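# Chain and residue survey
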Amino acid sequence: MTSPRFAVALLILSAVAGCADGRTSYPSLAPRPIEREVMRAEAAPAAAPVEAPAPAASAEIAQIVAGAQAADTAFKAALDKARPLVEAARGAAEGSEAWVAGQQAYSDAEAARAPVGAALAELDRRRQAATEAAKGGEAAALAEAALQVQAIDEAERAQLAGLIPG
């Protein structure tokens with residue numbers, strides 16, 4: 001039977017022996033043929049400058065965003081109106097007058113979010129049409145406006161979710 005020290009020494013020697021390399025030449029670091037071809041290739045053409053959207057389109061985009069912001073103000077008013085009714089309904093029995101009033105108030109606040117969703121849909125529809133018509137500047141302006149309105153939508157969704165206890 002072999003001793004544990006002998007077994008460990010044998011493992012170490014076999015590991016060290018595996019590290020020995022008898023090669024005398026190593027691969028070249030020179031570029032390979034395919035790499036030389038890539039280095040000779042022409043640079044990609046510069047992207048065409050993105051034109052600014054037409055003033056009428058810019059005005060329409062601004063109007064959609066302003067409409068979403070006004071709708072957000074109306075949503076916040078509906079939420080403030082709904083909050084005490086929803087809180088009063090928390091302990092009320094299902095079907096009671098307080099419970100029904102809380103449900104209706106919550107539904108009213110939720111319905112007040114609809115114009116922001118409609119604004120998002122309109123911006124997305126217009127962005128897709130601008131992209132298909134190769135109107136890069138208008139598509140970029142619409143995408144930026146959609147990000148603004150999406151932030152409003154997400155904030156409203158969070159506020160509405162905060163109204164209902166977890």
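Let us now look at the pattern of salt bridges. Applying the stated criterion across every chain, the model contains nine salt bridges. As a salt-bridge pair, R113 and D153 come within 2.6 Å of each other at their nearest N and O atoms. Here D153 lies in helix 6 (residues 136–163) and R113 lies in the loop between helix 4 (97–111) and helix 5 (114–132), a separation of 40 residues in the sequence. The network of salt bridges with common partners includes E60, E122, R125 and R126.

When pLDDT is averaged along the protein chain, the result is 85, and 86% of the positions lie at 70 or above. Per-element confidence in the protein chain is highest for helix 5, whose mean pLDDT is 94, and lowest for helix 1 (residues 4–19), whose mean pLDDT is 71.

This next bit is on the side chain of D153. Residue class for D153 comes out buried when judged on its relative accessible area of 9%. In contact with D153, other than residues within four places in its own chain, are R113, V116 and L120.

V116, A119, L123, L142, A145 and V149 are the most contacted members of the largest nonpolar core, which has 16 residues in total. Those elements giving two or more residues to this core turn out to be helix 3 (55–89), helix 5 and helix 6. If you tally residues by element for this core, the top one is helix 6, at six residues. Aside from chain neighbours lying at most four places away, what touches V116 is A68, A71, D72, V149, I152, D153 and E156.

Our next topic: the packing of helix 3 against helix 5. Helix 5 packs onto helix 3 with a crossing angle of 160° between their chain directions and a minimal axis gap of 8 Å. With respect to helix 5, the element helix 3 is oriented roughly antiparallel. Between helix 3 and helix 5 lies a crossing of left-handed hand. Residue-level contacts link E60, I64, A68, A71 and D72 of helix 3 to P115, V116, A119, E122, L123 and R126 of helix 5.

Before going further, it helps to examine the environment of E51. Positionally, E51 belongs in the loop between helix 2 (33–40) and helix 3. Between the C-alpha atoms of E51 and E138, which are 87 residues apart in sequence, the distance is 8.0 Å. In this structure E51 touches A134, K135, G136, G137 and E138, once residues within four positions along its chain are discounted.

The rules we used
- Residues numbered from 1 in each chain as written.
- Predicted model: local features only at pLDDT ≥ 70, side-chain atom pairs only at ≥ 80, totals over all residues.
- Heavy atoms only, no water.
- Salt bridge = Lys/Arg side-chain N within 4 Å of Asp/Glu carboxyl O.
- Helix = DSSP H or I, 4+ residues; strand = E, 2+ residues; numbered from the N terminus.
- pLDDT = per-residue confidence, 0-100.
- Buried < 20%, exposed > 50% of the residue type's maximum accessible area, 1.4 Å probe, protein only.
- Contact = heavy atoms within 4.5 Å.
- Core = buried A, V, L, I, M, F, W, Y, C linked by side-chain atoms within 4.5 Å.
- Axes fitted to C-alpha atoms, helices over the stretch in contact; angles between N-to-C directions.
- Parallel < 35°, antiparallel > 145°, perpendicular 65-115°, else oblique.
- Left-handed = near helix turned anticlockwise from the far one by under 90°.

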